[in-house]
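# Structural description and commentary
Now for the letters of each chain:
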Amino acid sequence: MSEKKTESNSTIRTMIALTNPKSSSNVGGAMRAAGCYDAQKVVYSGDRFNRAVRLAADTQKVHEIVPLVHYDDLLTALEPGMKLVCVDLIEGAIPLPNFEHPENAMYLFGPEDGTIKQQVINKADAVVYIPTIGCMNLAASVNVVLYDKLAKSQQHQLDNDLIKNSRDKNNKIKVKELKYKNNMIKEAKRLEREKAEKN
């Protein structure tokens, strides 16, 4: 992670909610994902994480930037105007590739060894699942959902500044000129213009 934190887009709010997580490595991985994908807050319920070794996988110390807050009821963490998106293997859920992300959302994930309660599912604005064979772990699921939101948003940078600011200080490698590189950049910019014209 970069020493420089990129400016957060104040109109877009993303919150990660973890239902009674048991693994500190998964919570740490979710924290790192929050830092990488500019989520503003991570909340969790239950007491299993409090008994675990805290933030074992938060090697980037994201907890110093992104708040990690315990709630007895995760629904009370919803901010005004935020949509509730539950992410779990739930019958009738929308496959993630077909899901259109709201700008402001709390993504609520089920626990590693259980699921989201029916009462919470009933209050969701959307229920989404990641179409995999078998189930992914909690941290991997958070990363996939946040990446999907970024990829579909067209908010990502198309130059080297983000790479320079995000990579490890020991990484100074550059790609040599590729035959198709310029075509890829032109195509990405064309798609970005088309999307802007539609909006």
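These notes cover the structure that comes with them. No experiment lies behind these values; they were computed from the predicted model shown.

Cut-offs used in this document
- Residues numbered from 1 in each chain as written.
- Predicted model: local features only at pLDDT ≥ 70, side-chain atom pairs only at ≥ 80, totals over all residues.
- Heavy atoms only, no water.
- Helix = DSSP H or I, 4+ residues; strand = E, 2+ residues; numbered from the N terminus.
- Buried < 20%, exposed > 50% of the residue type's maximum accessible area, 1.4 Å probe, protein only.
- Contact = heavy atoms within 4.5 Å.
- Areas by Shrake-Rupley, 256 points an atom, 1.4 Å probe, with all protein chains shown as cover.
- Phe/Tyr/Trp six-rings, centres within 6.5 Å; stacked < 30°, edge-to-face > 60°.
- Pairing = 2+ DSSP bridges.
- Polar contact = N/O pair within 3.5 Å; in protein donor to acceptor, adjacent residues only side chain to side chain.
- Axes fitted to C-alpha atoms, helices over the stretch in contact; angles between N-to-C directions.
- Parallel < 35°, antiparallel > 145°, perpendicular 65-115°, else oblique.
- Left-handed = near helix turned anticlockwise from the far one by under 90°.
- Nonpolar A, V, L, I, M, F, W, Y, C, P; charged D, E, K, R; others polar.
- Core = buried A, V, L, I, M, F, W, Y, C linked by side-chain atoms within 4.5 Å.
- Expected span 1.5 Å × (residues − 1).

Turning next to the overall build of the protein chain. Scanning the protein chain from terminus to terminus reveals six helices and seven strands. Start at the N end of the protein chain and walk to the C end: the helices and strands fall as β-α-β-α-β-β-β-β-α-β-α-α-α. Here the protein chain holds 199 residues, and the buried ones make up 37% of them. Here the analysis covers contacts within the protein chain between residues at least 6 apart in sequence; of these, 82% occur between residues at least 24 apart. A total of about 12500 Å² of accessible surface is found on the protein chain, and carbon and sulfur atoms cover 51% of it.

The next subject is the packing of aromatic side chains. Tallying each qualifying case throughout the model produces one aromatic pair. Each ring, one from Tyr 37 and one from Tyr 147, has its centre 6.5 Å from the other, and the planes form 70 degrees; the classification is edge-to-face. Of the two residues, Tyr 37 sits in the loop between α1 (24-36) and β2 (41-44) while Tyr 147 sits in helix α4 (residues 138-153), which places them 110 residues apart along the sequence. For Tyr 147, a relative accessible area of 48% corresponds to the partly exposed category.

The strand order across the open sheet formed by seven strands is β3-β2-β1-β6-β4-β7-β5, and the pairing between neighbours is parallel. One side of each edge strand has no neighbouring strand; the edge strands of this open sheet are β3 (68-70) and β5 (94-95). By the bridge criterion, five bridges tie strand β1 (residues 14-18) to strand β6 (residues 105-109) in an arrangement that is parallel. Of the residues in β6, the one forming a bridge with Met 15 is Met 106.

The next point concerns the side chain of Gln 40. Here Gln 40 is to be found in the loop between α1 and β2. With relative accessibility at 14%, the residue Gln 40 sits in the buried group. Of note is the side chain of Gln 40, whose polar atom sits 2.6 Å from the backbone nitrogen of Thr 14. Separated by 2.6 Å, the side chain of Gln 40 and the backbone oxygen of Asp 38 make a polar contact.

At a closest axis distance of 7 Å, the pairing of α1 and α4 adopts a crossing angle of 15 degrees. With respect to α4, the element α1 is oriented roughly parallel. Where α1 crosses over α4, the two elements pack in a sense that is right-handed. Contacts from Asn 26, Gly 29, Ala 30, Ala 33 and Ala 34 in α1 reach Leu 138, Ala 139, Val 142, Asn 143 and Leu 146 in α4. For the contact of α1 with α4, a count of residues per class yields seven nonpolar, three polar and no charged.

What follows is about the nonpolar core. Core analysis: the biggest nonpolar cluster contains 27 residues, and Ile 16, Leu 18, Val 42, Tyr 107, Phe 109 and Val 142 have the highest contact counts within it. Put simply, the parts of the chain that give this core at least two residues each are β1, α1, β2, β4 (83-87), β6, β7 (126-129) and α4. In terms of residues, this core owes the most to one element, α1, which gives five residues. In this structure Ile 16 touches Ala 39, Lys 41, Val 42, Val 43, Tyr 107, Phe 109, Val 142 and Leu 146, once residues within four positions along its chain are discounted. Core analysis: the second largest hydrophobic core is formed by 19 residues, Tyr 71, Leu 74, Leu 84 and Leu 108 among them.

Below, the discussion takes up α4. Its 16 residues give α4 an end-to-end C-alpha distance of 23 Å, which sits within 8% of 22 Å, the value for a rise of 1.5 Å per residue. Listed as buried for α4 are Leu 138, Ala 139, Ser 141, Val 142, Val 145, Leu 146, Asp 148 and Lys 149. For α4, the elements touching its buried residues are β1, α1, β4 and β6. For α4, the N-terminal capping position is held by Asn 137, with its side-chain oxygen 3.2 Å away from the main-chain nitrogen of Ala 139. Residue Gln 154 follows α4 closely and has a positive phi angle near 60 degrees.

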